Amino acid sequence: MAHVVPTEIPDAPPAPEQQRRGLAGYLLLTPGSLWLAVFFIVPTVSLVATSLYDPSGSLEFGYQMTGHVQNYPHAIAEYWDPIVRSLQYALIATVACMILGYPLAYAIAFKAGRYKTILLVAVIAPFFTSFLVRTLAWQYLLGDNEWVVTFLRWLPFTGAELQLINTPVAVVAGLTYNFLPFFVLPLYASLEKIDHRLLEAAGDLYASPFRGFLKVTLPLSMPGVVAGTLLTFIPAAGDYINDELLGSPKTRMVGNEIQSLFYAGDYPTASALSVALMVTIVLLVAVYVWRAGTDELV
Amino acid sequence: MAEPVTAGSEDLVLAGLTKKYGDFAAVDALDLTVPSGSFFALLGPSGCGKTTTLRMVAGLEVPTAGTVTLAGEDITRLKPYRRPVNTVFQSYALFPHLTIRDNVAFGPRRKGVSKREAAAEVNRMLDLVELGEYAGRKPAQLSGGQQQRVALARALINHPQVLLLDEPLGALDLKLRRQMQLELKRIQIDVGLTFIHVTHDQEEAMTMADTVAVMNQGRIEQMGAPEELYDLPRTTFVANFLGRSNLVAGSVTGTAGEEVSVQLDGGTVTAPVERAATAEGKVWVGVRPEKVHLKPAGDPAGGRGNELRDAVVSDVSFAGVSTEYVVRLPSGQELMVFEQNHTSQRRLHSGDRVDLTWAPEHTFLLDAAQDASAGTQFDDE
Amino acid sequence: MKASMRTAGDWIARHLVLMIGLLVLLYMLTPVFVVVLMSFNQPAGRNTYTFDGFTLDNWTNLCEPYQLCSSVGLSLEIGLLATLVATLLGTLMAFAMVRHRFRGRAAANVFIFLPMATPEIVLGSSLLALFVSSGLAGKLGFWTIFVAHVMFCLSFVVVTVKARLAGMDPRLEQAAADLYANEWQTFWRVSFPLVFPGILAAALLSFSLSFDDFIITNLNAGQEVTFPMFVWGANTKGIPMQINVIGTMMFAIALIVVVVGEFGSRRRGRAVL
């Protein structure tokens, strides 16, 4: 999992007269670009190619490149439920991250005073306790005999049969937990840049702090919200670790299926499913970024 | 209108200097000679190309065309670190990670001066700008005025042939700015270096510089001593940007001896022929507000040569040492008149009928093809 | 608005945000507490993951579970190497993006952003597709993991360093050039020290990404076992409590690095965070 997010959203590049022309720029750019070209672009092309192989081949005997487009309808029909489920879970987790993450980022940016750094460290530090180990801790915490469930069962409006582990709730909670810092950090960076005088001016003009928040802080923090939701939604949609550790066969996500298909050696179907997932996400993200009207992501 | 100055051997000479960004010429075929040892101000509104010119002299910008010559050596293509030129940057650009001492020592150390020699020199410099006790601090721990002085020391320690100052006082408050203006002037006289000072503040330029070049749209409009520029602006831009001017449309009726006569709405005025940028056809008749005197309408006494009759006072504002009147001519045009409050002279009121009068030798004539409002929109800067 | 005029509701609202924030933080830290607690756990049986008793055995017999320590070693090795390469290449790219003018800047931006916008399962499977189609299916291992890790760390490094660089006044570099520092001296004396906190943050980020990655690594590791893969495998067989010791140690080391780095850079007048 991509586990730490840049704490700042990059600014626009400086005015052109402050930049140098010439070969040096290309020279600096080349090694990294080559790496990305060879190990990101070429593989993506390779993935698309694999998705068109004849599915009757195998890893041992090789595959035939037959332009077998039927892999796509086949994969999508077969795995329709996990695809929809992945998008649903990722969406719910993203919304949950927004609800939980905004107050946290806001508190760190505006209310923490001199404890700001400590709170930031507290957000970042869990990254370094392995992702899997922490998810296992959730597995333990949400277990049937642990205090969370015991407490919930004790509440009058929940049944004594209440269960968390192996349910969609546990999977979404895990996704939310794991991707929350990805939402908080870019949002924090965005909030921190807001000129405090603007808030004072808003207080002066609108009187109500809440109106001030709605009219000034929220719109100005939109680049952070957009970056945060993307960095939450995208990995969440492809994740299968939370589902594997906290869910059940009934909650399988598309990531699980792709992983299993690769392990089973059905490379063409697995690739077709991967490409379908990528295209779906790119389309959703494009629409979202377009609707949110921001181009400050990169 | 760069007036040719005989180039001395140590002078900085810009010839045909041009900087284009796409089709936009930020600096347009600029010719300029800065005499060695002078305090030279490049004055103009933001975007006029003055900072770009400065950056080309510093080597931070490569000219599209033209040359920069310093003491006879062509330095146009020289890297900034190979030029005997140093800059005091706008907002100072002090290195935040280095102490004041290391900031000032930066130049000498890069030039290969030994640590010990540099340290001695740094102490001398910091004493000069009265910051000796702050040597161990970081820039962020100093006030704006102190940072400005560090930036100055950091540049001066290298004994550059030319010191470039890019709006160095822009970030300071008014009082500190006045104080630093005097300070800078004192240091310039002490060290005897060529200072090129870029500013949009006409008062700052006039107070400090020996020579002021007024820049507009990538070109130099006029250059000369401050008094000279103020007394005899040669373009409407200079007339308005440097102080304030009244410009009234008129047409030349003839030249008699040393005098040009101009017919305008409300009378005929004259101007010395050497004060006419153009002596035929349509012209702007210019006069500074403080040179104009108001007298009651029809009063024959107190005339000063040039007169405009039948005007009405439309606004009066008292400004301490002077009273500022706005006076409407029969044509509807409004002129400014500043009267000193030194006599027992009766104050005029709104609605009073008055005649305006001033001496012909305070009149200047400008080309009517120029925009009479050029340079006025920058008043507030 | 005068302080005296603020209503009580306003006061509560102000502190409410902080309270909610702290609760959310508690949610984020809870699993870490569990990990630390579990590192002292004496489990009753092999397949139970409940706290049954206190022991120091997990700490003293850290390497007892088969492959645990070798997997941690491999993860550290790959993490350090991938961090080194990704930080170097990414920093160069960031400098190019911010300080140089060239054609295709917008395209380069998208190009760098794309790997971050691609789900890991897709990144992993496409790399696997490449390795398989180029006949490397049998040679998956250390180098394929390394290559993959540098690839997905690179974009994060570029974005992090770029942010730092963009926040740096370009006039500082010009001032250095004006003060007789050539390009190389300008870089080492001015740009690098000022961007260093950003580079350090990028390196830490890279390392944590690499050390923690499971999805991409799992597809491209061949017979090699990294620490996350070990944990994954152990989940099906019964989890040794020692993984919590590793988790606790990583947490403690990260905390120390961040705190030392933060105080160090504060002393130098520039905060990382």
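Keep in mind it's a predicted model, so treat the numbers as computed, not measured. (Residues numbered from 1 in each chain as written. Chains lettered and ligands numbered in written order. Predicted model: local features only at pLDDT ≥ 70, side-chain atom pairs only at ≥ 80, totals over all residues. Heavy atoms only, no water.)

**Quick word on the state of the cysteines**
Put plainly, two cysteines are in a disulfide when a covalent bond ties their sulfur atoms together. Residue and element names in this part refer to chain C. Evaluated as defined, the whole model comprises one disulfide over all chains. A sulfur-sulfur separation of 1.9 Å characterises the disulfide bridge that pairs Cys63 with Cys69. Handedness here is read from the sign of the S-S torsion; for Cys63 and Cys69, about -90 degrees, the answer is left-handed. Assessed through its relative accessible area of 49%, Cys63 is described here as partly exposed. We classify Cys69 as partly exposed; its relative accessible area is 25%. (Disulfide = S-S within 2.5 Å. Buried < 20%, exposed > 50% of the residue type's maximum accessible area, 1.4 Å probe, protein only.)

**Section: the sheet that holds strand S12 (residues 259-264) of chain B**
Residues and elements named next belong to chain B. Ordered by their spatial adjacency, five strands build an open sheet running S13-S12-S11-S14-S20, and the pairing between neighbours is antiparallel. Only two strands of the sheet have a single neighbouring strand rather than two, namely strand S13 (267-272) and strand S20 (364-367). Neighbour to neighbour, the strand axes of the sheet diverge by 45 degrees on average, direction disregarded. (Pairing = 2+ DSSP bridges. Helix = DSSP H or I, 4+ residues; strand = E, 2+ residues; numbered from the N terminus. Axes fitted to C-alpha atoms, helices over the stretch in contact; angles between N-to-C directions.)

**Observations concerning the sheet that holds strand S9 (residues 211-216) of chain B**
Residue and element names in this part refer to chain B. The mixed open sheet is built from six strands, whose spatial order is S6-S7-S8-S3-S9-S10. At either end of the open sheet lies a strand with only one pairing partner, and these are strand S6 (85-88) and strand S10 (219-224). Along the sheet, successive strands turn relative to each other by an average axial angle of 20 degrees, direction set aside. As paired elements, S9 and S10 share five bridges and run antiparallel to each other. Counterpart to Val212 in the pairing with S10 is Gly224.

**Digging into the confidence of the model for chain A**
Residue-level pLDDT values for chain A average 81, and 87% of them are 70 or greater. Of all secondary-structure elements in chain A, the lowest mean pLDDT belongs to helix H8 (residues 196-206) of chain A, at 71, while helix H3 (residues 80-111) of chain A reaches the highest, 93. (pLDDT = per-residue confidence, 0-100.)

**Examining the interface of chain C and chain A**
The interface is formed by 100 residues belonging to chain C together with 97 residues belonging to chain A. Both sides of the chain C and chain A interface together cover about 9,200 Å² of buried area, and 76% of this is carbon and sulfur. Between the two partners, chain C and chain A, sit zero salt bridges. The interface formed by chain C and chain A contains 11 residue pairs in polar contact (both at pLDDT 80 or more). No other element matches helix H1 (residues 8-38) of chain C, which puts 18 residues into the side of chain C that touches chain A. Residue classes in the side of chain C that touches chain A are distributed as 70 nonpolar, 17 polar and 13 charged. (Contact = heavy atoms within 4.5 Å. Buried area = accessible area lost by both parts, 1.4 Å probe. Salt bridge = Lys/Arg side-chain N within 4 Å of Asp/Glu carboxyl O. Polar contact = N/O pair within 3.5 Å; in protein donor to acceptor, adjacent residues only side chain to side chain. Nonpolar A, V, L, I, M, F, W, Y, C, P; charged D, E, K, R; others polar.)

**Looking at the domain arrangement of chain B**
Residues and elements named next belong to chain B. Per the domain assignment, the segments of chain B are domain 1 (12-231) and domain 2 (236-378). One C-alpha centre belongs to domain 1, the other to domain 2, and the line joining them spans 38 Å. Both sides of the domain 1 and domain 2 interface together cover about 1,200 Å² of buried area, and 64% of this is carbon and sulfur. The largest per-residue losses of area from domain 1 upon contact with domain 2 belong to Pro45, Tyr230 and Asp231, which jointly make up 48% of the total buried on that side. (Domains from an automatic or database assignment.)

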